[in-house]
Amino acid sequence: MMPTVMRNFSYNAKMALLKGILLGSISILAYIIVVIATTPELPASFAVNAAFSINPIIIYGTAFGVGVNVFISSYSKGMACRIDKKRKWIFGVSSGSTALSAFFSFFSLVPLGCCGSWLLVLSYLPTIFGSALSVSLIQYSKPLSYIGLIIVLGFAGISAFKLRSELKNQHQHQRHKGIDEQYIDKNIKKDNAALG
């Protein structure tokens, strides 16, 4: 039995929603796999519990942002108003900020003993960025994670607004086209009546 809310959705909306939920869930799974893979010295259950107790907003927020972006992209393709084609850089920036947000959130797990492999990554930061920037990246990893998440959700909002505008324009165009066709039909009928 399908919920009442889902019965009112078009096929395109259902498929887009399914893709969004699926890829949002995959992003949570990927986060968990990275936490487990980079924490070989601790039991997996401890590492996962630590990640969800310290970074729940980042984990679920990133999944939500990924899901919304996928839904909007898929839905817009199905409605023939490809906002991602016009604004490809938005999705690129959104994907980049998703990865950056997750990357910074792993640093906040290092003091708990999780993601120990990230210590190796952290040891290379001074040679790449310099000592001062490396210390700042580590010290402010949590706020930087939230900034990345805000960017992801902000671009999802921008994409939703653009999709809404495109759909509104399409609807107006179709309505005007229908009015023009009615006007032409009336004129043809008048001409046929005058000739007949």
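Being a predicted model, the structure only gives us computed values, none of them experimental. (Residues numbered from 1 in each chain as written. Predicted model: local features only at pLDDT ≥ 70, side-chain atom pairs only at ≥ 80, totals over all residues. Heavy atoms only, no water.)

> I would appreciate a short explanation of the nonpolar core in the present structure.
As a rule of thumb, soluble globular proteins bury nonpolar side chains together. I28, Y31, I32, V35, A47, V48, A51, I59, A63, A102, F106 and L109 form the largest nonpolar core, which has twelve residues in total. Every element with two or more residues in this core is listed here: helix 2 (11-37), helix 3 (44-54), helix 4 (56-78) and helix 6 (88-107). In contact with A63, other than residues within four places in its own chain, are G24, S27 and I28. Core analysis: the next-biggest nonpolar cluster, separate from the first, contains five residues, A13, A16, Y75 and L163 among them. (Core = buried A, V, L, I, M, F, W, Y, C linked by side-chain atoms within 4.5 Å. Buried < 20%, exposed > 50% of the residue type's maximum accessible area, 1.4 Å probe, protein only. Helix = DSSP H or I, 4+ residues; strand = E, 2+ residues; numbered from the N terminus. Contact = heavy atoms within 4.5 Å.)

> For this particular structure, what's the right way to read the packing of aromatic side chains?
What characterises a pair of aromatic rings is the spacing of the ring centres plus the angle enclosed by the ring planes. As enumerated under the stated definition, the model contains two aromatic pairs in all. With a centroid separation of 5.7 Å and 45° between ring planes, the pair formed by F52 and Y60 is classed as tilted. For Y60, a relative accessible area of 48% translates into the label partly exposed. Measuring from centroid to centroid gives 5.6 Å for F71 and Y75, while their planes differ by 15°, and the two rings are stacked. You can see F71 and its partner Y75 sitting in helix 4, four residues apart, about one turn around the helix. You can call F71 partly exposed: its relative accessible area is 26%. Assessed through its relative accessible area of 16%, Y75 is described here as buried. (Phe/Tyr/Trp six-rings, centres within 6.5 Å; stacked < 30°, edge-to-face > 60°.)

> Would you mind showing me how to read helix 4 here?
In an α-helix, one turn spans 3.6 residues, which is why side chains three or four residues apart end up on the same side. Along its 23 residues, helix 4 runs 33 Å from first to last C-alpha, staying within 8% of the 33 Å computed at 1.5 Å per residue. A80 sits one or two residues past helix 4 and shows a positive phi near 60°. (Expected span 1.5 Å × (residues − 1).)

> Explanation requested: the side chain of T62 in the structure shown.
Structurally, T62 is set in helix 4. With a relative accessible area of 10%, T62 lands in the buried category.

> Can you walk me through the packing of helix 3 against helix 4 in this structure?
The description of two helices packed together rests on the angle between their axes and the distance between the axes. Running from N to C, helix 3 and helix 4 cross one another at 85°; their axes reach a closest spacing of 5 Å. If you check the angle between helix 3 and helix 4, you find them roughly perpendicular. Contacts between helix 3 and helix 4 involve A51, F52, S53 and I54 on the former and, on the latter, P56, I59 and Y60. Looking at the contact of helix 3 with helix 4 residue by residue, the class counts come to six nonpolar, one polar and no charged. (Axes fitted to C-alpha atoms, helices over the stretch in contact; angles between N-to-C directions. Parallel < 35°, antiparallel > 145°, perpendicular 65-115°, else oblique. Nonpolar A, V, L, I, M, F, W, Y, C, P; charged D, E, K, R; others polar.)

> Please clarify how helix 3 should be interpreted in this entry.
Residues A47, V48, A50 and A51 constitute the buried set of helix 3. The buried residues of helix 3 occupy an angular sector of 160° when projected down its axis, which confines them to one face. Away from its buried face, by an angle of more than 90 degrees, helix 3 presents the exposed residues N49 and S53. Packed against the buried residues of helix 3 are helix 2 and helix 4. (Arc of directions from axis to C-beta.)

> Would you mind showing me how to read the packing of helix 2 against helix 3 here?
At a minimum axis separation of 9 Å, helix 2 and helix 3 run at an interaxial angle of 125°. For the element pair helix 2 / helix 3, the angle class is oblique. Considering how the two elements wind past one another, helix 2 and helix 3 form a crossing that is right-handed. Along its contact with helix 2, which presents I28, Y31, I32, V35 and I36, the element helix 3 presents A44, A47, V48, A51 and F52. (Left-handed = near helix turned anticlockwise from the far one by under 90°.)

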